[in-house]
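# Summary of the model geometry
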Amino acid sequence: MIIIPRGLSRIALSLSLAALAAVPALAAPAPAAPAPDPAAEILPVPLTPAIPAVQRVCNAATASGLGTRVLKDAQGPKPGATDYVLVNYIGYLSANGNVFDQNTSQAFRASGVIKGFSEGLQLMSKGSVWRFCIPAALGYGDKGTGPIPANSDLVFQVELVDFKTENEIEAMRAAATKQAEQQAAAQQAAEKQAAEAQGAAPAAPAAKKPAPAAKKPKT
């Protein structure tokens, strides 16, 4: 038996108590988190993305009140009201950024759209990208249309891919019509030639009928 002096036993007891105090108490298990509701993950139909507020503002304005911001500059001639443009665009509401329309490679006459859009197109050069901030008075006014409420200010991001004058469009149409006519004439000539070649070919001899089988003699 090992006898520990009383003084040492008191020291050992103090050290044991200190060690116990240093050990953190076992925490009670946390309550289980409630399972997420799958319905919260349902996307709205139709899905309407919203553009952030910073992309709904312009830094310049025309005399009519059209707001503009040049996002990608380009130099060169600009389309006129009667010219036809080819554009990529996104349209959204200024109030909340909800996108109501977007499209690529859309062709139309520059004057064939709402006033603010038409005016903005005529400020652009081919290859540039602009933002138009269109007040309701230059848009759909107090009527609204489809997903656009009445008296809505609109924002468009527009890329002018290309544009052609009315004369150039007419020349392109005439060239396309001529090409189609030439292709049709060539097709008709080829069909006529094939028919003539088939008519000139000698007729194939008719196949000989097989000889009747010999009758067996009567016994």
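Residues numbered from 1 in each chain as written. Predicted model: local features only at pLDDT ≥ 70, side-chain atom pairs only at ≥ 80, totals over all residues. Heavy atoms only, no water.

### Focus on the pattern of salt bridges
Keep this limit in mind: By convention in these notes, a salt bridge is any Lys or Arg side-chain nitrogen within 4 Å of a carboxyl oxygen on Asp or Glu. Each helix is a run of H or I in the DSSP string that is no shorter than four residues. Each strand is a run of E no shorter than two, and both are numbered from the N terminus. Only protein chains enter the accessibility calculation, which uses a 1.4 Å probe; a residue whose area is less than 20% of its type maximum is buried, one above 50% is exposed, and one in between is partly exposed.
Throughout the structure, instances matching the rule amount to three salt bridges. The salt bridge partner of Glu166 is Arg109, with a shortest N-O separation of 3.5 Å. Residue Glu166 is found in helix H3 (residues 166-200), and its partner Arg109 is found in strand S4 (residues 99-109); the two are separated by 57 residues along the sequence. For Arg109, a relative accessible area of 25% gives the class partly exposed. Two residues, Arg173 and Glu170, come together in a salt bridge whose shortest N-O distance is 3.1 Å. Here the residue Arg173 and the residue Glu170 both occupy positions in helix H3, the gap between them amounting to three residues, near one helical turn. Owing to a relative accessible area of 44%, Arg173 belongs among the partly exposed residues under this scheme.

### Things to note about the sheet that holds strand S5 (residues 129-134)
To be explicit about the condition: Paired strands, in this sense, are two strands between which DSSP finds at least two bridges. Contacts are assigned to residue pairs with any non-hydrogen atoms lying within 4.5 Å of each other. Every axis in this analysis is a line fitted to C-alpha atoms, fitted for helices over the stretch in contact. Angles between the N-to-C directions lie between 0 and 180 degrees.
Pairing in this open sheet of six strands is antiparallel, and the strands run S1-S2-S5-S6-S3-S4 from one edge to the other. In this open sheet, the two strands that pair with only one neighbour each are strand S1 (60-61) and S4. Here H3 sits on the sheet in contact with strand S3 (84-93), S4 and strand S6 (154-164), set at roughly 60 degrees to S6.

### Side note on the state of the cysteines
Cut-off, in case you're wondering: Disulfides are defined in this document as cysteine sulfur pairs within 2.5 Å.
A full pass over the atoms with the stated rule returns one disulfide. The side chain of Cys58 participates in a disulfide bridge whose partner is Cys133; the two sulfur atoms lie 2.1 Å from each other. With the S-S bond torsion at 90 degrees, the cross-link from Cys58 to Cys133 turns out right-handed. With Cys58 in the loop between helix H1 (6-22) and S1 and Cys133 in strand S5, the pair connects residues that are 75 residues apart, well separated along the chain.

### Quick word on the pairing of S5
The buried fraction of S5 amounts to six of the six residues, a majority that puts the element mostly inside the structure. Side chains Val129, Arg131 and Cys133 of S5 all project onto a buried face; the interleaved residues Trp130, Phe132 and Ile134 project onto the opposite face, where all are buried too. Both strand S2 (residues 67-72) and S5 contribute to a ladder of five bridges, which runs antiparallel. Within S5, the position partnered with Lys72 by the bridge is Val129.

### Remarks on unusual backbone geometry
Note on backbone geometry: most residues besides glycine have negative phi, and most peptide bonds are trans. A cis amide bond links Val45 with the next residue in sequence, Pro46, at an omega value of -5 degrees. Along the chain, Pro46 turns up in the loop between H1 and S1. Non-glycine residue Ser105 carries a positive phi angle of around 50 degrees. On the secondary structure map, Ser105 appears in strand S4. Residues other than glycine seldom take positive phi values, yet Asn151 does so here, at roughly 60 degrees. Topologically, Asn151 is positioned in the loop between S5 and S6. Judged by its relative accessible area of 54%, Asn151 is exposed.

### Describing the side chain of Arg131
The cut-off we apply is this: When charges are tallied, Lys and Arg are placed among the positive residues and Asp and Glu among the negative ones, while His and the ends of the chain are skipped.
If you trace the backbone, Arg131 turns up in strand S5. Buried within the structure, Arg131 lacks any salt-bridge partner; its nearest side chain of opposite charge belongs to Glu159, at an N-O separation of 14 Å.

### Section: the confidence of the model for the protein
Predicted coordinates in areas of low pLDDT are best not read in detail. Using the following cut-off: The quantity called pLDDT is the predictor's confidence in a given residue, expressed from 0 to 100.
Chain-level pLDDT for the protein is 86 on average; 79% of the residues reach the 70-or-more range. Considering only residues more than four positions removed or in separate chains, one finds that residues 1-5, a stretch of pLDDT under 50, has one contact.

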